[in-house]
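Read off the chains here:
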Amino acid sequence: EPEVTQTPSHQVTQMGQEVILRCVPISNHLYFYWYRQILGQKVEFLVSFYNNEISEKSEIFDDQFSVERPDGSNFTLKIRSTKLEDSAMYFCARDVSGNTIYFGEGSWLTVV
Amino acid sequence: SQQGEEDPQALSIQEGENATMNCSYKTSINNLQWYRQNSGRGLVHLILIRSNEREKHSGRLRVTLDTSKKSSSLLITASRAADTASYFCAHQKIQGAQKLVFGQGTRLTINP
């Protein structure tokens, strides 16, 4: 199974602070995604990133969120000014040929 | 109402029994994927079934898809304590981007 490594595994941040979550997928795959899961709830789509551009984003993905692939390898999700309701598990995912989507282990974000 | 609904929401069975979880969706799909999630952990991909397929097997897992009823089922045979987890179905629509739409999940508990 193609690996997706996410860092940090857990981060606690104060409300209003900026957070950057990182994902290191194996190269040579074009589609990347960020999803989130609020504790006890279902997994929600945030954004898809194709060929170094956002291809689709959800209503959750407002101006506080941004994604980048700054060095062609790492894939980052930035939350500019965190809110309490941003507390969730954030998953990076990648699309393997045949549409199978593999997820990373996730990054727990706790906003206090 | 939300797209992607699983039932039951929770299922508790004895080790060795079979577990069946169901999933429904509302739109035309390209494929449907099943995932397992242990508490607080990442999403593990189990099986992908395409819209032109009716049944797939992988080890002790059997997935069916009925596109006329817009439903899918996941059967785990000869359950083990290690199968205790939450199980999610997620579908990709025919049109639009590649994002997955997740259901609420079924919490499966296997009692030794």
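Scroll up for the structure.
Residues numbered from 1 in each chain as written. Chains lettered and ligands numbered in written order. Predicted model: local features only at pLDDT ≥ 70, side-chain atom pairs only at ≥ 80, totals over all residues. Heavy atoms only, no water.

S.K.: Looking at this model, I keep getting lost on the overall build of chain A. Mind explaining?
M.R.: What chain A contains, in helices and strands, is 0 helices and 11 strands. Moving toward the C terminus, one meets the helices and strands of chain A in the order β-β-β-β-β-β-β-β-β-β-β. Relative to the globule expectation of 13 Å for 112 residues, the C-alpha radius of gyration of chain A, 13 Å, shows essentially globular dimensions. A principal-axis box enclosing the C-alpha atoms of chain A has dimensions of 40 × 25 × 25 Å. (Helix = DSSP H or I, 4+ residues; strand = E, 2+ residues; numbered from the N terminus. Rg over C-alpha atoms; globule rule 2.2 N^0.38 Å.)

S.K.: Explanation requested: the state of the cysteines in the structure shown.
M.R.: Here a disulfide denotes one covalent bond, and it connects the sulfur atoms of two cysteines. With the rule as written, the count across this model stands at 2 disulfides over all chains. Paired through a disulfide, Cys23 of chain A and Cys92 of chain A show a sulfur-sulfur distance of 1.9 Å. Taking the torsion about the sulfur-sulfur bond, which here is approximately -60°, the covalent link between Cys23 of chain A and Cys92 of chain A counts as left-handed. In this pair, Cys23 of chain A sits in strand 3 (residues 19-25) while Cys92 of chain A sits in strand 9 (residues 88-95), placing the two residues 69 residues apart along the sequence. For Cys23 of chain A, a relative accessible area of 0% gives the class buried. Given the relative accessible area of 0%, Cys92 of chain A is considered buried. One disulfide bridge connects Cys23 of chain B with Cys89 of chain B, the sulfur atoms lying 1.9 Å from each other. With the S-S dihedral at roughly 70°, the linkage between Cys23 of chain B and Cys89 of chain B falls on the right-handed side. Of this pair, Cys23 of chain B sits in strand 3 (residues 19-24) while Cys89 of chain B sits in strand 9 (residues 85-93), and the two are 66 residues apart along the sequence. (Disulfide = S-S within 2.5 Å. Buried < 20%, exposed > 50% of the residue type's maximum accessible area, 1.4 Å probe, protein only.)

S.K.: Please clarify how the sheet that holds strand 1 (residues 5-7) of chain B should be interpreted in this entry.
M.R.: Picture the strands of a sheet paired through backbone hydrogen bonds; they go either parallel or antiparallel. Residues and elements named next belong to chain B. Spatially, the 5 strands line up as an open sheet ordered 1-3-8-7-6, and their pairing is antiparallel. Strands at the two margins of the open sheet, each flanked by one partner only, are strand 1 and strand 6 (55-58). Pairwise comparison of adjacent strand axes, ignoring direction, gives a mean angle of 15° for this sheet. Relative to strand 8 (residues 71-76), strand 3 runs antiparallel, the two being bridged by 6 bridges. The partner of Ser24 across the bridge, within strand 8, is Ser71. (Pairing = 2+ DSSP bridges. Axes fitted to C-alpha atoms, helices over the stretch in contact; angles between N-to-C directions.)

S.K.: How should the sheet that holds strand 8 (residues 75-79) of chain A be read in this particular structure?
M.R.: Residue and element names in this part refer to chain A. The sheet built from 4 strands is open, its strands ordered 1-3-8-7 with antiparallel pairing. The sheet is open, and its two edges are formed by strand 1 (4-7) and strand 7 (65-68), each paired on a single side. Adjacent strand axes in the sheet meet at a mean angle of 15°, parallel and antiparallel pairs treated alike. Summarising the sheet, strand 7 and strand 8 pair through 4 bridges and their orientation is antiparallel. Following the sheet pairing, Val67 is matched in strand 8 by Leu77.

S.K.: Is there a simple way to explain the packing of aromatic side chains in this structure?
M.R.: When we look at a pair of aromatic rings, we describe it by the centre distance and by the angle of the planes. In the structure shown here, the tally under the stated rule is 15 aromatic pairs over all chains. Centre to centre, the rings of Tyr31 of chain A and Tyr33 of chain A are 5.9 Å apart; their planes meet at 10°, and the pair counts as stacked. As far as the burial class goes, Tyr31 of chain A and Tyr33 of chain A line up, both buried. Judged by centre distance (6.1 Å) and plane angle (85°), the rings of Phe91 of chain A and Phe103 of chain A are edge-to-face. One end of the pair, Phe91 of chain A, is in strand 9; the other, Phe103 of chain A, is in strand 10 (residues 101-103), and 12 residues separate them in sequence. Considered together, Phe91 of chain A and Phe103 of chain A belong to a single accessibility category, that of buried residues. Clustering of aromatic rings is evident, with ring pairs tying together Tyr31, Tyr33, Tyr35, Phe45, Tyr50, Phe91 and Phe103 of chain A together with Tyr35, Phe88 and Phe102 of chain B. (Phe/Tyr/Trp six-rings, centres within 6.5 Å; stacked < 30°, edge-to-face > 60°.)

S.K.: Whenever I open this one, the nonpolar core confuses me. Can you help?
M.R.: One broad rule of soluble globular proteins: the nonpolar side chains tend to lie buried together. Membership of the largest hydrophobic core comes to 22 residues, with the highest contact counts inside it found for Met21, Leu32, Trp34, Leu74, Ile76, Tyr87 and Leu108 of chain B. For this core, the secondary structure elements donating two or more residues are strand 2 (10-14), strand 3, strand 4 (29-37), strand 5 (43-50), strand 7 (61-66), strand 8, strand 9 and strand 11 (106-111) of chain B. (Core = buried A, V, L, I, M, F, W, Y, C linked by side-chain atoms within 4.5 Å.)

S.K.: It is not clear to me how the environment of Gly40 of chain A should be interpreted in this structure. Could you clarify?
M.R.: All names here are of chain A. Positionally, Gly40 belongs in the loop between strand 4 (31-37) and strand 5 (43-50). Owing to a relative accessible area of 79%, Gly40 belongs among the exposed residues under this scheme. On a C-alpha basis, the gap between Gly40 and Ala88 in space is 9.6 Å, while along the polypeptide they are 48 residues apart.

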